[in-house]
Each structure stands twice: as structure tokens, then as C-alpha cells.
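One-letter residues, chain by chain:
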Amino acid sequence: MSDSLWRGWMQRALQLAALGAGRTSPNPLVGCVVLNSHGELVGEGFHPRAGAPHAEVHALRQAGTQARGGTAVVTLEPCCHHGRTPPCSEALLAAGIRRVVVAMADPDPRVSGSGIAQLRAAGVEVIEGVCASEARQLNRAFMHRVTTGTPFGILKWAMSSDGRTALPNGSSQWISGPEARAWVHRLRASCDAVIVGGGTVRVDDPLLSSRGQRHPEPLRVVLSQSLDLPQQAQLWDQRTAPTLVAHGLGAPAQGRVQLDQLGVERLVLDHCSPKHLLLALAKRGCNQVLWECGASLAAAAVGEGCVQQVASVMAPKLLGGSAARTPLGDLGLVDVNQAEPWPQRRLQRLGDDLLWTLELSPDSPLPTPAPCSD
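Residues numbered from 1 in each chain as written. Predicted model: local features only at pLDDT ≥ 70, side-chain atom pairs only at ≥ 80, totals over all residues. Heavy atoms only, no water.

Caption draft 1: Summary view of the overall build of the protein. In terms of helices and strands, the protein carries eleven helices and 14 strands. Against the compact-globule benchmark of 21 Å for 374 residues, the protein has a radius of gyration of 23 Å, which places it among compact chains. For the protein, the spread of C-alpha atoms along the three principal axes comes to 70 × 45 × 35 Å. Looking at the protein as a whole, 52% of its 374 residues are labelled buried. Within the protein, counting contacts between residues at least 6 apart in sequence, those at least 24 apart form 72% of the total. For the protein, the computed accessible surface area is about 16,900 Å², with 51% contributed by carbon and sulfur atoms. (Helix = DSSP H or I, 4+ residues; strand = E, 2+ residues; numbered from the N terminus. Rg over C-alpha atoms; globule rule 2.2 N^0.38 Å. Buried < 20%, exposed > 50% of the residue type's maximum accessible area, 1.4 Å probe, protein only. Contact = heavy atoms within 4.5 Å. Areas by Shrake-Rupley, 256 points an atom, 1.4 Å probe, with all protein chains shown as cover.)

If you want it as C-alpha cells, here you go:
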């Protein structure tokens with residue numbers, strides 16, 4: 001079969017993998033199609049959620065005995081270790097698959113080439129690297145967590161054309177239009193956690209849900225040094241979504257007691273910083289997080305390397321006011337030439353608004369870290 005045909009089947013597998021977006025963490029997104037010995041489609045599947053059967057198992061179940069002597073096209077190297085589910089490499093061998101087409105190797109050290117090696121040792125032909133760039137893009141968050149120990153971070157804000165996120169009196173609803181707000185709900189649905197600081201809770205009283213775009217809703221996280229938080233807030237009602245408040249070792253006892261009485265989970269960090277928070281969230285299985293915080297915490301997250309993508313919604317409005325709020329606090333820059341442009345960027349329209357998406361490459365320089373406050 002030609003490379004173009006393998007690419008066509010891999011594109012289908014990638015489409016299937018994307019169906020699990022927002023629900024598979026800490027696992028990757030994986031899709032699989034099974035072809036019989038004549039190259040005809042006989043099974044397909046994707047990984048729907050952590051703990052459920054993997055994509056290969058779903059596709060093999062659908063294919064049944066028709067898989068024998070056939071080909072499996074998989075977006076990620078089949079796993080070869082026992083976790084919550086049995087190894088997919090063994091399932092492929094048991095089904096009599098004679099060829100496996102793989103988009104990319106699994107960066108997880110428990111697999112990392114061992115799945116492919118096991119298949120080849122059993123006499124299975126393995127073709128690697130088909131649609132590799134598309135597969136890496138699909139699983140960029142999983143790859144980032146596995147290789148760095150922290151989730152992939154997205155920083156989002158909505159601002160006026162003159163760079164204001166709110167009026168001097170704090171009024172900010174709504175800067176952007178309905179199309180942009182619907183896009184934000186979809187963005188939240190793709191993330192495992194949405195993070196704000198204490199100031200955002202005090203001023204905006206946000207809900208931070210996907211408005212039903214996914215179930216369960218992403219974890220809502222408040223990072224606060226002072227625990228100076230209101231007794232009543234939408235985040236404390238956890239019938240909509242779970243809420244976690246992270247704080248440092250020296251957080252006031254009064255604030256701790258208040259949260260305990262409200263039934264809100266607390267996470268004690270060695271240091272109240274974005275980096276330490278993300279290290280803790282990675283251990284909870286978060287692949288991707290969304291920063292929807294104020295200027296000071298946003299600057300600290302950027303400075304500590306906790307942001308890999310910026311999503312900036314710009315509305316065709318002028319708010320003015322020298323005291324009006326802006327998206328970012330002090331980044332420690334003393335010369336405009338220190339602010340290098342982010343290497344990858346794209347622009348799209350959301351109704352009347354514009355969305356700038358900026359991607360930071362791993363080797364790009366970051367600004368000097370700024371202190372975090374809430």
C-alpha cells in the first residue's frame with residue numbers, strides 16, 4: 001500500500017483520537033483503524049477516557065476475526081505495560097495483526113520504543129512516522145507533561161483594542177462578544193484545570209465552567225497566598241464543578257478554617273508559585289491547564305515557564321483610562337528589544353472579535369520571573 005493511502009487511514013485514526021479530547025488525562029489521545037488482509041476497513045476505535053479500554057482494543061473488538069492477517073493503523077505506539085488496562089501490543093499480537101502503522105513513538109518511559117520492539121520481535125511489520133507532526137500536535141499536552149513534569153499551560157485573556165481587560169472600576173463584562181465567549185467554553189472543555197488567583201475571585205466571582213461542553217467539568221483552581229477569599233462565591237458551589245484552593249505553608253489559619261467549613265479542597269504547596277502548583281497538578285493527572293487569572297499571576301506564570309500558548313481575544317472597543325487593568329503585570333523588561341516575538345502565531349475571527357494565538361517553542365527565551373500576588 002502506498003504512503004498516501006497510509007496517510008489517509010492515519011488521518012481517520014487522528015480524527016477518531018480527537019473524539020476523546022478533554023477526557024483521557026493523564027492518558028494521551030489515541031485512535032486506531034483496523035484493515036483486513038485485503039486492505040478493507042473492518043474496525044475502528046478511540047480511547048474515550050482514562051481507565052477505559054484503549055483505542056486498539058475497541059477497534060479489534062469491532063473487527064473480530066477479520067483482523068487476522070490485517071493491519072492496525074494507530075496514532076501512538078501501542079503500550080506494552082500493565083496499567084489499568086492490559087498491554088495493547090499483546091492484544092494486537094493475539095488478534096493476528098501482521099502489520100502496524102504508527103504515527104509516533106510514545107514518550108512515556110514505560111513504553112518509549114518498547115511497544116514497537118515487542119511487535120517487531122514477534123514478526124510484525126511496523127511502519128513508523130506516518131503523519132507524525134499531526135500526531136505530535138494532537139498530543140502536545142500529554143507529551144509536555146511526560147517530558148517536563150508539568151501540564152501544558154494556556155494563558156487566555158479578553159481585552160479591548162487599546163489593551164484593557166477592565167475599566168478602572170473593575171467592570172469587564174462583557175468585553176468580547178458571544179462567539180468569543182462560546183469559544184472560551186470550548187477551550188475550557190479541552191483543559192483539565194482552569195486556574196485563577198484570589199483577586200479574580202474577589203472582583204469577578206467567576207463560574208469557570210465549560211457551560212456543559214464536557215462532563216465532568218474541568219477542575220477549578222484558585223492559587224492564593226493570603227486566602228483572603230469571600231465567604232460566598234460561585235466557585236464554592238461544587239455541584240457544577242470541583243474546586244481546589246492551593247496555598248503556601250504560611251497561609252493564615254482563618255482562611256484555612258473558612259475553606260474547610262465550606263467543604264472546599266485545599267492543597268498545601270511548599271511554595272505558593274505557578275510552577276509548584278503545576279507540579280502538583282501533574283501528579284493529579286492534568287495534561288493541560290488554562291490560566292484565566294489577573295495580571296500579576298499571569299506575569300508570574302509566564303516568567304516561571306508555565307505558559308506554552310497565549311490566546312488573546314481582542315474586541316473592537318476602546319476602554320481608555322490610565323488606571324484600567326491590563327492582561328499582564330511586570331515581566332521585568334527594561335528594554336523593548338527584550339520582548340522577542342513568539343515564533344508561532346495565528347490570527348482568526350470570532351464574530352466581531354479577533355483571536356491571536358501565540359505558541360512558544362521550547363527553546364524560546366522567557367522574561368524574568370515576576371513575583372506572584374493575589
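Back to the write-up after that little detour.
Caption draft 2: Geometry of the pattern of salt bridges. Tallied over the entire structure, the rule returns 13 salt bridges. One salt bridge connects Arg12 with Glu44, and the closest N-O pair in it is separated by 2.9 Å. With Arg12 in helix H1 (residues 3-18) and Glu44 in strand E2 (residues 41-46), this pair connects stretches of sequence that are 32 residues apart. Judged by relative accessible area, Glu44 falls into the partly exposed class, the value being 22%. Here Asp108 ties to Arg110 by a salt bridge, and the two come within 2.7 Å at their closest N and O atoms. We classify Asp108 as buried; its relative accessible area is 10%. Residue classification places Arg110 among the exposed positions, given a relative accessible area of 51%. Sharing partners across several salt bridges, the network here consists of Arg140, Arg346 and Glu359. (Salt bridge = Lys/Arg side-chain N within 4 Å of Asp/Glu carboxyl O.)

Caption draft 3: How the structure looks around the environment of Leu358. For Leu358, the position within the fold is in strand E14 (residues 353-359). Exposure remark for Leu358: the relative accessible area of 22% places this residue in the partly exposed category. For the pair Leu358 and Trp342, spaced 16 residues apart in sequence, the C-alpha separation works out to 6.2 Å. The residues contacting Leu358, other than those within four sequence positions of it, are Gln308, Gln309, Val310, Trp342, Gln344 and Arg345.

Caption draft 4: Focus on the sheet that holds strand E3 (residues 71-74). Taken together, the five strands give an open sheet; going across it, the order is E2-E1-E3-E4-E5, and neighbouring strands pair in mixed fashion. Sheet topology places E2 and strand E5 (125-128) at the edges, where each strand pairs with a single neighbour. On average, adjacent strands in this sheet sit at an angle of 15° to one another, irrespective of strand direction. With four bridges connecting them, strand E1 (residues 31-35) and E3 associate as antiparallel partners. Bridge pairing links Leu35 to Thr71 in E3. Set on the sheet, H1 makes contact with E1, E2, E3, strand E4 (99-102) and E5; between it and E1 the angle comes to about 135°. Its contacts with the sheet put helix H4 (residues 114-121) on E4 and E5, and the angle it makes with E5 is roughly 145°. (Pairing = 2+ DSSP bridges. Axes fitted to C-alpha atoms, helices over the stretch in contact; angles between N-to-C directions.)

Caption draft 5: Local environment of the sheet that holds E14. Strand order in this open sheet of nine strands is E10-E9-E8-E7-E11-E6-E12-E14-E13, and the pairing throughout is mixed. At either margin of the open sheet sits one strand with a lone partner, and together these are strand E10 (265-269) and strand E13 (344-350). Averaged over all adjacent pairs, the angle separating strand axes in this sheet is 25°, with direction ignored. Relative to strand E11 (residues 288-291), strand E6 (residues 152-160) runs parallel, the two sharing four bridges.

Caption draft 6: Seen up close, the state of the cysteines. Going through the model one piece at a time under the given rule, you end up with zero disulfides. Sulfur of Cys88: no disulfide; nearest cysteine sulfur belongs to Cys79 and is 3.7 Å away. The exposure class assigned to Cys88 is buried, which follows from its relative accessible area of 1%. (Disulfide = S-S within 2.5 Å.)

Caption draft 7: View of the nonpolar core. Counting 35 residues, the largest nonpolar core has Met10, Val34, Ile97 and Val100 as the members making the most contacts within it. Sorting the residues of this core by element identifies H1, E1, helix H2 (55-63), E3, E4 and H4 as the ones contributing at least two each. If one sorts the elements of this core by residue count, H1 sits on top with five residues. Each residue touching Val100, except ones within four places of it in the same chain, is listed here: Ala72, Val74, Pro78, Leu92, Leu119, Val124, Glu125, Val126 and Ile127. (Core = buried A, V, L, I, M, F, W, Y, C linked by side-chain atoms within 4.5 Å.)

Caption draft 8: Quick peek at the pairing of E10. The sheet contact formed by strand E9 (residues 243-248) and E10 spans five bridges and is parallel. Residue Leu244 lies in a different strand from E10, and its bridge partner there is Glu265. In the classification by handedness, the crossover that spans E9, the intervening helix H9 (residues 253-262) and the parallel E10 is right-handed. (Right-handed = clockwise from strand over helix to strand, strands pointing away.)

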